[in-house]
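Close look at the chain arrangement
One letter stands for each residue in the lines below.
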Amino acid sequence: MTPVHLLAFAVAFAMTGICTALAIQGGSNPLTVVTVRTVAAMALLAGWLFYNGISFRLHGRDLAAALLIGIPLCINNYLINAAIAEIPVPLVVLIFYTWPALTTAGSWLTGKERFRWRSAAALALAFAGVALTLNVELTAAQAKGVWLALGASLMWSATFLLTGHFFRGRDTRVPTFYMMATALAVFLAACLATGGVAWPATVAGWSGLGGVGAFYAFALIGLFLAGVRIGATRAGFYMNFEPIASVLLAALILGQRLAPVQLAGAALVIAALFLFRPPAAASPSRRS
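**With respect to the overall build of the protein**
Helices and strands together make up the secondary structure of the protein, namely twelve helices and zero strands. Ordered by position in the sequence, the α and β elements of the protein form the string α-α-α-α-α-α-α-α-α-α-α-α. A total of 288 residues make up the protein; the buried ones form 53% of that total.

**Looking at the packing of aromatic side chains**
Overall, the coordinates contain six aromatic pairs when judged by the stated rule. Arranged with centres 5.7 Å apart and planes meeting at 85 degrees, the rings of Phe 96 and Tyr 97 form a pair that is edge-to-face. A ring pair is formed by Trp 199 and Trp 206, whose centres lie 5.9 Å apart and whose planes are at 10 degrees; its orientation type is stacked. Relative accessible area serves as the criterion here: at 45%, Trp 206 is assigned to the partly exposed category. Here Arg 37 stacks its cationic end above the ring of Tyr 216, 4.1 Å away from the centre of that ring.

**Some thoughts on the side chain of Thr 98**
Locating Thr 98 in the fold gives a position in the loop between helix 4 (89–96) and helix 5 (99–110). The exposure class assigned to Thr 98 is buried, which follows from its relative accessible area of 0%. Separated by 2.9 Å, the side chains of Thr 98 and Ser 153 make a polar contact. Apart from residues lying up to four places away in sequence, Thr 98 is in contact with Phe 127, Val 130, Leu 150 and Ser 153.

**Re the packing of helix 4 against helix 11 (residues 241–254)**
Across the interface, helix 4 lies against helix 11 with an axial gap of 8 Å and an inter-helix angle of 170 degrees. Between helix 4 and helix 11, the angle is such that the two are roughly antiparallel. Contacts between helix 4 and helix 11 involve Val 89, Pro 90, Val 93 and Leu 94 from the first element and Glu 242, Pro 243, Ser 246, Val 247, Ala 250 and Leu 254 from the second. Here the residues of the contact of helix 4 with helix 11 are counted per class, giving eight nonpolar, one polar and one charged.

**Topic: the packing of helix 5 against helix 7 (residues 140–167)**
Two elements in contact, helix 5 and helix 7, have axes separated by 9 Å at closest approach and are oriented at 50 degrees. As far as their axial angle goes, helix 7 and helix 5 are oblique. As for the relative orientation of helix 5 and helix 7, their crossing is right-handed in sense. Seen from helix 5, the contacting residues are Trp 99, Leu 102, Thr 103, Gly 106 and Ser 107; seen from helix 7, they are Ser 153, Leu 154, Trp 156, Ser 157, Phe 160 and Leu 161. Across the contact of helix 5 with helix 7, the residue classes break down as six nonpolar, five polar and no charged.

**A closer look at the environment of Gly 196**
Mapped onto the elements of the fold, Gly 196 is located in the loop between helix 8 (173–194) and helix 9 (203–230). Sequence separation between Gly 196 and Thr 32 is 164 residues, and the spatial gap between their C-alpha atoms is 7.5 Å. Here Gly 196 is in contact with Asn 29, Thr 32 and Cys 191, once residues within four sequence places are set aside.

**Topic: helix 1 (residues 3–25)**
Three or four residues apart is the spacing at which side chains of an α-helix point the same way, because the helix has 3.6 residues per turn. End to end, helix 1 covers 33 Å across 23 residues, agreeing with the expected 33 Å (1.5 Å per residue, within 8%). At the C-terminal side of helix 1, Gly 27 shows a positive phi close to 115 degrees.

**A short note on a nonpolar patch on the surface**
Taken together, the side chains of Leu 68, Ile 71 and Ile 75 present a nonpolar region at the surface, about 270 Å² in accessible area. Structurally, Ile 75 can be placed in helix 3 (residues 60–84).

**A word on the side chain of Ser 246**
Of note, Ser 246 is situated in helix 11. Ignoring sequence-local partners within four residues, the contact set of Ser 246 consists of Ala 14, Pro 90 and Val 93.

**As for the confidence of the model for the protein**
Interpreting fine coordinate detail is not advised for predicted regions of low pLDDT. When the pLDDT values of the protein are averaged, the result is 83; 88% of them are 70 or greater. Scored below 50 in pLDDT, residues 278–286 shows 40 contacts in the model against residues more than four places distant or in partner chains.

**Structural notes on the environment of Leu 102**
By the secondary structure assignment, Leu 102 is in helix 5. Among the residues examined, Leu 102 registers a relative accessible area of 27% and is labelled partly exposed. A sequence separation of 54 residues divides Leu 102 from Trp 156, and the C-alpha atoms of the two residues are 9.4 Å apart. The residues touching Leu 102, leaving out its near neighbours within four places in the chain, are Phe 127, Ser 153, Leu 154 and Ser 157.

Quick notes on the rules
Residues numbered from 1 in each chain as written. Predicted model: local features only at pLDDT ≥ 70, side-chain atom pairs only at ≥ 80, totals over all residues. Heavy atoms only, no water. Helix = DSSP H or I, 4+ residues; strand = E, 2+ residues; numbered from the N terminus. Buried < 20%, exposed > 50% of the residue type's maximum accessible area, 1.4 Å probe, protein only. Phe/Tyr/Trp six-rings, centres within 6.5 Å; stacked < 30°, edge-to-face > 60°. Lys NZ or Arg CZ within 6 Å of the ring centre and 35° of its normal. Polar contact = N/O pair within 3.5 Å; in protein donor to acceptor, adjacent residues only side chain to side chain. Contact = heavy atoms within 4.5 Å. Axes fitted to C-alpha atoms, helices over the stretch in contact; angles between N-to-C directions. Parallel < 35°, antiparallel > 145°, perpendicular 65-115°, else oblique. Nonpolar A, V, L, I, M, F, W, Y, C, P; charged D, E, K, R; others polar. Left-handed = near helix turned anticlockwise from the far one by under 90°. Expected span 1.5 Å × (residues − 1). Patch = residues over 30% accessible without salt bridge, like charges linked within 9 Å, V, L, I, M, F, W, Y side chains within 5 Å. Areas by Shrake-Rupley, 256 points an atom, 1.4 Å probe, with all protein chains shown as cover. Salt bridge = Lys/Arg side-chain N within 4 Å of Asp/Glu carboxyl O. pLDDT = per-residue confidence, 0-100.

Okay, here's the thing in structure tokens:
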């Protein structure tokens, strides 16, 4: 597993956001996109587990924990997609990447991690960077997108902490499958209850909808594989490239460019990520 492979997984995560934006711009909506993505990711993850002879069995407390952790995961998945419908993808990703700061603060408050000045400095740097990225005039819809992205970050931090608590030091591939099953059940119920399924009306939109599941599953399975081979913490460190890739790809594919002050903020957020060392707990790896 080389750094090139790990960077490719980070780019695939970034492309998940790009494809989501393409689908929504093409006439789809966040609920449809996240449902399709979850179906595709679960199918590919199930195929990968089956191919590798990994049992799907999960019993008692572990099964209940995985299904319940699927609730904050579900909320995270929807909120980040809803945020992409309101504000540019790179801004969503940069706000979302406050999750290491929130996770570190949560670890301090719960006594699971000791206070470290390095992490405190990174936390301050991350929030200073986000403050700079938001130092532009925002419309009401854009302000809503900011809150949605912050909510997604909070829900992912909760997912990470809960997974670390219940599955610390263990393989989380099968638990993640059941977490995603909870999310899919909620999304399908929401689609049936609201009738809110909206298919794209453009070729670009259909390309985005088709790509979102493929890129997400590729990145998720790749990150799991990397976690097994080189360790979750080391593999996760390379995912810090995702915000950089998102800024570049959004400019190239979507024409979404950040203002100079926002780019300065992005640089601070990214610098903070390289100071963080997330708790070395098993995690479901990613969300978006």
